[in-house]
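Structural description and commentary
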Amino acid sequence: MSLEFSTKARTLAALRGKLTSAHILPLVHFSVAEWHQDRQACLLKIRQDLEVQSVIVRSSCGREDGDMESNAGAFLSLANVLPGDVEHAVEKVIASYGDAEESDEVLIQPMLAGVTRSGVAFTHDPNTSAPYRMINWSEGDDTAVVTSGAGGRIYQRAALSTVPPPGHLALIFPMLDELLRLFDDQAIDCEFAMTQGSAGAEDLWLLQARPLVLRQRPQATEAQAHRLQQIEEKVRRGMQPHPFVMGRRTVYGVMPDWNPAEIIGVRPKPLALSLYRELVTDSIWAYQRNNYGYRNLRSFPLMPHFFGLPYVDVRLSFNSFIPADLDEGLAARLVDYYIDRLLAEPSLHDKVEFEVVFSCYTLDLPKRVEKLAEAGFNTSEQHEIAESLRRLTNRIINQQNGLWRTDASKLDTLQARREALLAGPSDPLERIYWLLEDGKRYGTLPFAGLARAGFIAIQMLKSLVTVGVFSQQDYDAFVASVSTVSGQLARDRSILDKTTFLSRYGHLRPGTYDVLSPRYDETPDLYFDWQQRPVASHSAAQPFSLTLPQMREMVHLLAAHGLEPDAVGLMDFMQEGIELRELAKFHFTRNLSDAMALMAQVGAQYGFTLDDLAYSDVAVFREMHVAAVDARELLATSIEQGRKRHHETKQLSMPPLIAAPEDVWGFEWPETAPNYITQKQVTAPVVSCDDKSSLAGAIVCISNADPGFDWLFSHPIAGLITAWGGANSHMAIRAGELGLPAVIGAGEVLYRRWSSAQRLHIDCAGRRVELVT
């Protein structure tokens, strides 16, 4: 016969003697009525039944641990209470109930000594309701670290996983399985602690068990296992050697290279996923790399997805950063070195171009390539790699013939063709088709090239700091002096009227690829306060000025390293590389945004809402344009299939970096190494970007670094934190330009912790974030 949940005290009492996979401490509990009627009898029972010097007096209120809400942490519990203080402690716990019911209870147990590990464990993911066993724990004897929300580590494991969990957590999974059996498969949230046993093995203690309140019906464990088995097989196939690709194996990541987590999110809806693939990751990415002198990876899609979870094939990415003229054998070893380096330091997954691969020649490259010696690359091979990168870099940054200049000119073609298309008699489907085709040929293809130039510009700028020509203050001042479209948007907001401003920037939307994210010109009042014109903002950084000694040192270094630009030419390239990257993004996203607006029109024509269209695939609009078909039926089928697949997408969780096929079954969520922008500090309240009335003077949290969030900078925010984003992402550049303290790419664990805080202190120079109580 299954057990039923009751109060905290009664549930633990019911489990004593029945639960075999964990210990439960002795306990005494009594109701508020019993305490009021005869507190001395209650105190006597505590002394007789527990016979310990130190107890914990715990809440056991009827409003806790319910089927509809847990009220976890809502009421007081007092630890390390000595015998003489128990009466006062009970009074304080009852007082914390507010209007206490006579049936509410108080629970007293011995203080558990010698705790080595403690935390909370769930039988299901509380965010998705999927049957993942989730353990959030901390090492040491402080049992409040996790339950107080201060942090801890997180391990996640599928219900039917056969992959062994980490040894130090192995005892917890049998306990969760047994609790599920005892409570008839009802989802469970429990607290636990571990102590060192007398025989050297650890003992597991159950401190609390309560119903886990889920938002939806849990997925069947067999269905989850079936999907994960298919993903494991796909990953295993992808990790095999390939005759046309260098490297013994691959890994998959959400942040390297074209970082889907930053751009479309870790669980994008089908239309957003298909648009990103169409415009960038299926082919454009490889054409651009090859055009710029890197290895030819054409026809290799960069971004596979696992039932809708997008990942970058890191082996393909690393191949595409190898100069085309580098010896094949040396190239293969270099790819393997890059992958091994990333696996050794997974926190670098959003910094691969700065910390892992050598994708261009910089003034500090000869020193940086010396680390290859540790992996068996001799001096001659290091020199060959550096020479190959020097030739490639000189071709790219050439002031007269650099391909980036040709790419920049294509933006004018894109704009002219867009205006002609929208002014002509074309029907909406034809416009969608050509907006996206032109968006690739004259938009994302040159954008990819200009983004490459922008990366090289930043890497060259960083190398000037490394070799001592620039200080960090010079770096910050240079970045702040760059004039980007985003900076112009903020300035224009302070001087232009509403109509003129929206005619220039109205196509922007916070989710660039998300049809559900309104454009600025669709809901302008959602993003801006038109009753109050903001004061033009100016960066607080010192103006950048190149000194004569710096100029002379640059001339000397450029000649010594065989780099062709002169000092002025290099400074111009670094400035234009950063500016043009942002300009190209601004232009191609107009094509994309206009196409999505037309998709909404077409969908409405056939009776579909925006929410419906978010589940369609961009391929269906192409088919509707080029073929005589039943358009409504075609679109309905695409939407239905997309809904079904996205339901599966939402049930899945996988690590940011998949290093082995079995990782899909169980993994620890990593704490990443965020990117700190500027050298400033700020202490301020924390708000989400949705709380527009509280943005002024606050640290704002957004999930990704999408350029559509530029409207934030029209508000006087104090700082910025993003879950995803790299050191050279749009928001990183924008924060540097404004001199705004920012933490870009905090990762899932840290972002969840920081975004739920009331107040934070950010110290960018010290690379730390602290919760302020």
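Before going into details, it helps to say that this report is about the structure given with it. (Residues numbered from 1 in each chain as written. Predicted model: local features only at pLDDT ≥ 70, side-chain atom pairs only at ≥ 80, totals over all residues. Heavy atoms only, no water.)

**Digging into the sheet that holds strand 13 (residues 312-313)**
With antiparallel pairing, three strands are arranged side by side in an open sheet as 13-10-14. The strands lining the two open edges of the sheet, one partner per strand, are strand 13 and strand 14 (657-658). (Pairing = 2+ DSSP bridges. Helix = DSSP H or I, 4+ residues; strand = E, 2+ residues; numbered from the N terminus.)

**As for the packing of helix 19 (residues 485-495) against helix 20 (residues 498-505)**
In contact at an axis separation of 10 Å, helix 19 and helix 20 are set at 170° when each is read in the N-to-C sense. As judged from the angle between their axes, helix 19 and helix 20 are roughly antiparallel. The element helix 19 and its partner helix 20 pack so that their crossing is left-handed. Contact residues: helix 19 offers Val485, Gln488, Leu489, Asp492 and Arg493, while helix 20 offers Phe501, Arg504 and Tyr505. (Axes fitted to C-alpha atoms, helices over the stretch in contact; angles between N-to-C directions. Parallel < 35°, antiparallel > 145°, perpendicular 65-115°, else oblique. Left-handed = near helix turned anticlockwise from the far one by under 90°. Contact = heavy atoms within 4.5 Å.)

**Some words on the side chain of arginine 157**
As for its placement among the helices and strands, arginine 157 is situated in strand 7 (residues 153-158). Looking at arginine 157, its side chain comes within polar contact range of the main-chain oxygen of serine 161, at 3.2 Å. (Polar contact = N/O pair within 3.5 Å; in protein donor to acceptor, adjacent residues only side chain to side chain.)

**Structural notes on the packing of aromatic side chains**
Evaluation of the coordinates by the stated rule reveals 28 aromatic pairs. Ring geometry for phenylalanine 470 against phenylalanine 544: centres 5.6 Å apart, planes inclined by 65°, an arrangement best described as edge-to-face. Here the residue phenylalanine 470 occupies a position in the loop between helix 17 (428-466) and helix 18 (472-481), and phenylalanine 544 occupies one in the loop between helix 21 (524-527) and helix 22 (548-560), the gap between them amounting to 74 residues. Judged by centre distance (5.9 Å) and plane angle (65°), the ring pair of phenylalanine 501 and tryptophan 530 falls under edge-to-face. One end of the pair, phenylalanine 501, is in helix 20; the other, tryptophan 530, is in the loop between helix 21 and helix 22, and 29 residues separate them in sequence. For phenylalanine 501, a relative accessible area of 0% gives the class buried. Feature note: the residues Phe501, Tyr505, Tyr520, Tyr527, Phe528, Trp530 and Phe586 constitute an aromatic cluster, connected by ring pairs. (Phe/Tyr/Trp six-rings, centres within 6.5 Å; stacked < 30°, edge-to-face > 60°. Buried < 20%, exposed > 50% of the residue type's maximum accessible area, 1.4 Å probe, protein only.)

**What to know about the nonpolar core**
In globular proteins that are soluble, nonpolar side chains generally tend to be buried together. The biggest cluster of nonpolar side chains holds 117 residues, and the ones touching the most others in it are Phe318, Tyr513, Met574 and Phe621. Take this core: its biggest share by element is 17 residues, from helix 17. Among all residues touching tyrosine 513, those that are not within four sequence positions of it are Ile263, Ile264, Ala272, Leu275, Tyr276, Leu279, Val280, Phe588, Leu592 and Met596. In this structure, Met654, Val664, Val682 and Ile762 belong to the second largest nonpolar core, which totals 49 residues. (Core = buried A, V, L, I, M, F, W, Y, C linked by side-chain atoms within 4.5 Å.)

**Some remarks on the sheet that holds strand 16 (residues 675-677)**
Strand pairs in the sheet, formed through backbone hydrogen bonds, run parallel or antiparallel to each other. Spatially, seven strands are ordered 16-20-19-18-17-21-22 in an open sheet, and the strand pairing comes out mixed. With partners counted over all chains shown, the strands left at the sheet margins are strand 16 and strand 22 (768-771), one partner each. Between one strand axis and the next, the sheet turns by 30° as a mean value, whatever way the strands run. The sheet contact formed by strand 17 (residues 681-688) and strand 21 (residues 759-763) spans five bridges and is antiparallel. Looking at the pairing, alanine 684 lines up with leucine 760 of strand 21.

Spatial relationships are all this shows, so hold off on functional conclusions.
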